[in-house]
Structure formats: C-alpha cells, structure tokens
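# Summary of structural features
Next come the chains, spelled out residue by residue.
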Amino acid sequence: MAGWLAALERLARGRAKAGLTRELRPRAPGDPIVDLAGNDYLGLSAHPAVVEAAAGALSAYGLGATGSRLVRGSTAAHTALEDDLAGWLGAEQALVFSSGYLANLGAVRALAGRGGLIVSDAYNHASLIDGCKMSGAETVVAPHADPAAVAAILDAHPGRDAVVVTESVFSVDGDLAPLAALHQVTSARGALLLVDDAHALGLLGPSGAGGVTAAGLAGRPDVLVTATLSKSLGGAGGVVAGPAQFVRHLIDTSRTFIYDTALPPAVVAGVHAALHVARSADDRRALLASRAALTVSRLSAAGLAVTHPAAGVLSVPAPGPEAALAWAADCRDRGIAVGCFRPPSTPDGSSRLRLTLNAGVTDPDFSRALDVIVECAP
C-alpha cells in the first residue's frame, strides 16, 4: 500500500530537480507586499463600494448559496448580476458559474461533442484545453494567433461542426488575439468563435467591456464569450455570454453548472458593485496603460526582453525554471510579488516572470517594484 506514496515521492523529487516544485504562501490581512502577481487589475477587490455590497449580502443571505443554482442557489443577486453582465458584454443573455475555469469547461463542452471539431490556439489557458479534452470532439491545435493557419485547418475538415477557441488577451504573455481576423475566418466557414475574455474584461473596449467588444464582435450570434469575475472585478466566479438559446442549453445540460454549488450571494453582490465601478473607471484604465508603457521602457532600457502588453499582463523571459524561481524569490524578499511561470503553465516550455499591473498600487511602490525587478534579474 505504501508503494504508491513512494512513487509520488519519486515524482516530487523529479519535479524539484527540474525546478518545477510549487509552494503555497498564505498571506495575512494587510500584507504589505507590492502586488504585481495577482489579477486585481483595477484595484477593486477592496474598493469601499465592493466591500459594502458584499457585507450587505452576507448579512442578508448568510455565508453560502446553500445549493446548486437549480436547487436553492439562485438568488435575486445572481439574476441582477447576469442581466448587467449581458448588457455590458453586448450579449443577449449571460450565465454565472462559480469559477471562470468551470465556465470554460461548460462552454467548450456545450459547443462541441463527438463528431465535432475544435480548433484551439496553442497558447490557450488550461481551462480551455481541459474543456477540449473533456468534450470528446477532435481537437486540432493551431499555431498561436494565426488566422491563416486556422483557416487552413477548417478547410481541411469541410462539413464538420466546428468551434474555434481562443483567448482575447493571452494569460502568459499578455498579447492580443487577432479577433476580427479570426471571425472573418470562422464566419466565412460556418464555424463558431469562442473567446475567453478573462484578461481583457474591464481593461479593453468602451467602458471596459472587453476584447470582443473592442473588436466590434459583441452580440454576434456566432461569437460566444466567457470570462472570469476574479480579475478586473476583484471577486470570484465566471460567466458565459451569448444567444439566449445557448444559455438555455447550458442551464439544461452543463454539468459544471447543474452539479456545482452556486457562487455565494455575498461574492455576487461584491462583483456586481465592482462591475458598476469598472464601467466608469476610464481613469484606472488610463493609469494601467501608462504603467504598461513605463514598464516596457524601464525593463527594455535595462536590457531585459519584455512583451508589449495589450492590457495588464506582460512577461519577462528567464534563463530557465530555476532562474525564474530565484528571481521571483529575490523580488519577494525585497517586498515585491511577481508571478513565476514555468512549464506546464507556459505553452512554449520556457520560463518567465509574469507581471500583472494593479491600479491599486501607489506610484512610488510601482516605481520601486520596477527597480527591484531589474536589480534582481539573473
């Protein structure tokens, strides 16, 4: 019986040797570290209006939703949030899941099944990849951000029910997918386009409505949108938005919706308040844009390669996983939290620091963070 534990221990030693060990680092309230690792882009997780709304719902409903959405978990707060999300995204209807991961699993599985075809960008997030695997459809991985390659794949499979799956802003390097060009490809061939807008929602498009809206594709019946509510909106949960018939199909058939406990009403209310703030947060979006430009300028001047972000994510390559770990640890020891991305989180097998901009960080702290990143570089 102990043999399986010994096998796990051998695997753990192998990961440690390759620099792929992961570690939980609990943080206390009021943690003074400067956060360039989390996803609270607009700095709304602790916004007074957000906290007040969450506290009010906590008092009214209690701690949890007490059941799945189809049993006792749906509340007036859920419906109000879904209505406003649909309006913001320009979709006919929206459905809230308890996480962005589950929203992606549910959306991909609902759109493609056995006999179908999925064309998935090589840099897609793990939740999209897992959705492709679980769907039972044939999945072809397309070269990153390459509409011509997507067209060639679809043309090689004529007559198939097909879905093209992509992120809008990619989660590792922060580059923007060519959404308008991809839609030209899919619409000309009768395929659907599913876009994970997680890292663009709140940051791109009019009123921060996301990358799909920025590309002029909002409300198209052949374009489906997913997003997490845990990044720019500072909370938790996920959303799928599209035609009402598709949302109806999810409610009736999506296992990640039907069998999962609903998002707690307090979180729903806090996210809803954050949505109202985010829609009018042009000043915060402008701040992030200026900080993105400053980051590229400062790091490039120091001789570091750095991606040019479309929104709030950028990355800096490291020589390898061990170097990335040491770089992130040195920054953390000096009070700066940065992301450390290594395989399998990186689709190309290389390692890098991932920096996520946060409007809640003060200007002096942000400037100091850039200095520390440069000084700690391997």
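Below, the structure is looked at part by part. (Residues numbered from 1 in each chain as written. Predicted model: local features only at pLDDT ≥ 70, side-chain atom pairs only at ≥ 80, totals over all residues. Heavy atoms only, no water.)

## Observations regarding the overall build of the protein chain
When helices and strands are tallied, the protein chain shows 15 helices and 11 strands. The globule rule puts the C-alpha radius of gyration for 378 residues at 21 Å, and the 21 Å found for the protein chain is close to it. Expressed along its principal axes, the backbone C-alpha trace of the protein chain runs to roughly 55 × 55 × 55 Å. Evaluated residue by residue, the protein chain yields a buried proportion of 50% over its 378 residues. Looking at the protein chain alone, contacts between residues at least 24 apart form 72% of all its contacts between residues at least 6 apart. Just so you have it, the protein chain exposes about 16200 Å², and 57% of that area is on carbon and sulfur atoms. Distance from the positive charge centre (29 side chains) to the negative charge centre (34 side chains) of the protein chain: 6 Å. (Helix = DSSP H or I, 4+ residues; strand = E, 2+ residues; numbered from the N terminus. Rg over C-alpha atoms; globule rule 2.2 N^0.38 Å. Buried < 20%, exposed > 50% of the residue type's maximum accessible area, 1.4 Å probe, protein only. Contact = heavy atoms within 4.5 Å. Areas by Shrake-Rupley, 256 points an atom, 1.4 Å probe, with all protein chains shown as cover. Lys, Arg positive; Asp, Glu negative; His and termini not counted. Charge placed at Lys NZ, Arg CZ, Asp CG, Glu CD.)

## Concerning the pairing of strand E11 (residues 352–356)
Among the 5 residues that make up E11, 5 are buried, leaving the element largely enclosed by the rest of the structure. Side-chain alternation along E11 places Arg352, Arg354 and Thr356 on one buried face and Leu353 and Leu355 on a second face that is also buried. Pairing geometry for strand E10 (residues 336–341) and E11, over 3 bridges, is antiparallel. By the bridge assignment for E11, Gly339 is matched with Arg354. (Pairing = 2+ DSSP bridges.)

## Observations concerning the environment of Asp35
Along the chain, the position of Asp35 falls in strand E1 (residues 34–36). We classify Asp35 as partly exposed; its relative accessible area is 27%. Residues Asp35 and Val141, spaced 106 residues apart in sequence, show a C-alpha to C-alpha distance of 34 Å. Side-chain polar atoms of Asp35 contact the backbone nitrogen of Ala37, separated by 2.9 Å. (Polar contact = N/O pair within 3.5 Å; in protein donor to acceptor, adjacent residues only side chain to side chain.)

## Let's talk about the packing of aromatic side chains
For the coordinates displayed, the defined rule picks out 1 aromatic pair. When the ring of Phe97 is compared with that of Phe257, the centres are 5.5 Å apart and the planes differ by 65°; the resulting orientation is edge-to-face. Here Phe97, found in strand E2 (residues 93–97), pairs with Phe257, found in helix H11 (residues 255–258); they are 160 residues apart in sequence, far enough to count as distant. Judged by its relative accessible area of 4%, Phe257 is buried. Here Arg291 stacks its cationic end above the ring of Phe366, 4.9 Å away from the centre of that ring. (Phe/Tyr/Trp six-rings, centres within 6.5 Å; stacked < 30°, edge-to-face > 60°. Lys NZ or Arg CZ within 6 Å of the ring centre and 35° of its normal.)

## Digging into the packing of helix H4 (residues 76–89) against helix H12 (residues 265–279)
Two elements in contact, H4 and H12, have axes separated by 9 Å at closest approach and are oriented at 30°. Classed by the angle they form, the pair H4 and H12 counts as roughly parallel. Note that H4 runs across H12; the crossing there is left-handed. Counting all contacts with H4, which are made through Ala77, His78, Ala80, Leu81, Asp84, Leu85 and Trp88, the residues of H12 involved are Pro265, Val268, Val271, His272, Leu275, His276, Ala278 and Arg279. Taken together, the residues that form the contact of H4 with H12 break down as 10 nonpolar, 3 polar and 2 charged. (Axes fitted to C-alpha atoms, helices over the stretch in contact; angles between N-to-C directions. Parallel < 35°, antiparallel > 145°, perpendicular 65-115°, else oblique. Left-handed = near helix turned anticlockwise from the far one by under 90°. Nonpolar A, V, L, I, M, F, W, Y, C, P; charged D, E, K, R; others polar.)

## Considerations on the side chain of Glu82
Within the fold, Glu82 resides in helix H4. In this structure Glu82 comes out as buried when scored by relative accessible area, which is 9%. Excluding residues within four positions of it along the chain, Glu82 makes contact with Arg69, Ala94, Leu95 and Val96.

## Description of H4
The terminal C-alpha atoms of H4 lie 20 Å apart, and with 14 residues this matches the ideal 20 Å at 1.5 Å per residue to within 8%. The complete set of buried residues in H4 reads Ala77, His78, Leu81, Glu82, Leu85, Ala86, Trp88 and Leu89. The buried side chains of H4 occupy one side of the element, clustering within an arc of 165° when seen end-on. Residues of H4 that are exposed and angled more than 90 degrees away from the buried face: Ala76 and Asp83. Buried residues belonging to H4 abut helix H2 (48–61), helix H3 (69–73), E2, helix H9 (211–214), strand E8 (238–242) and H12. If you check the start of H4, you find a side-chain oxygen 3.2 Å away from the backbone N of Ala77, and it comes from Thr75. Phi turns positive, to about 70°, at Gly90, one or two residues after H4. (Expected span 1.5 Å × (residues − 1). Arc of directions from axis to C-beta.)

## Let's talk about the pairing of strand E6 (residues 192–196)
Put simply, side chains in a regular strand alternate between the two faces of the sheet. Across the 5 residues of E6, 4 count as buried, placing the element largely inside the fold. Sheet analysis places strand E5 (residues 162–167) next to E6, joined by 5 bridges and oriented parallel. Counterpart to Thr166 in the pairing with E6 is Val195. With respect to chirality, the unit in which E5 leads through helix H8 (residues 179–189) into the neighbouring parallel E6 is right-handed. Sheet topology note: the E6/strand E7 (residues 223–228) ladder contains 4 bridges and is parallel. Paired with Leu194 across the strands is Leu224, a residue of E7. (Right-handed = clockwise from strand over helix to strand, strands pointing away.)

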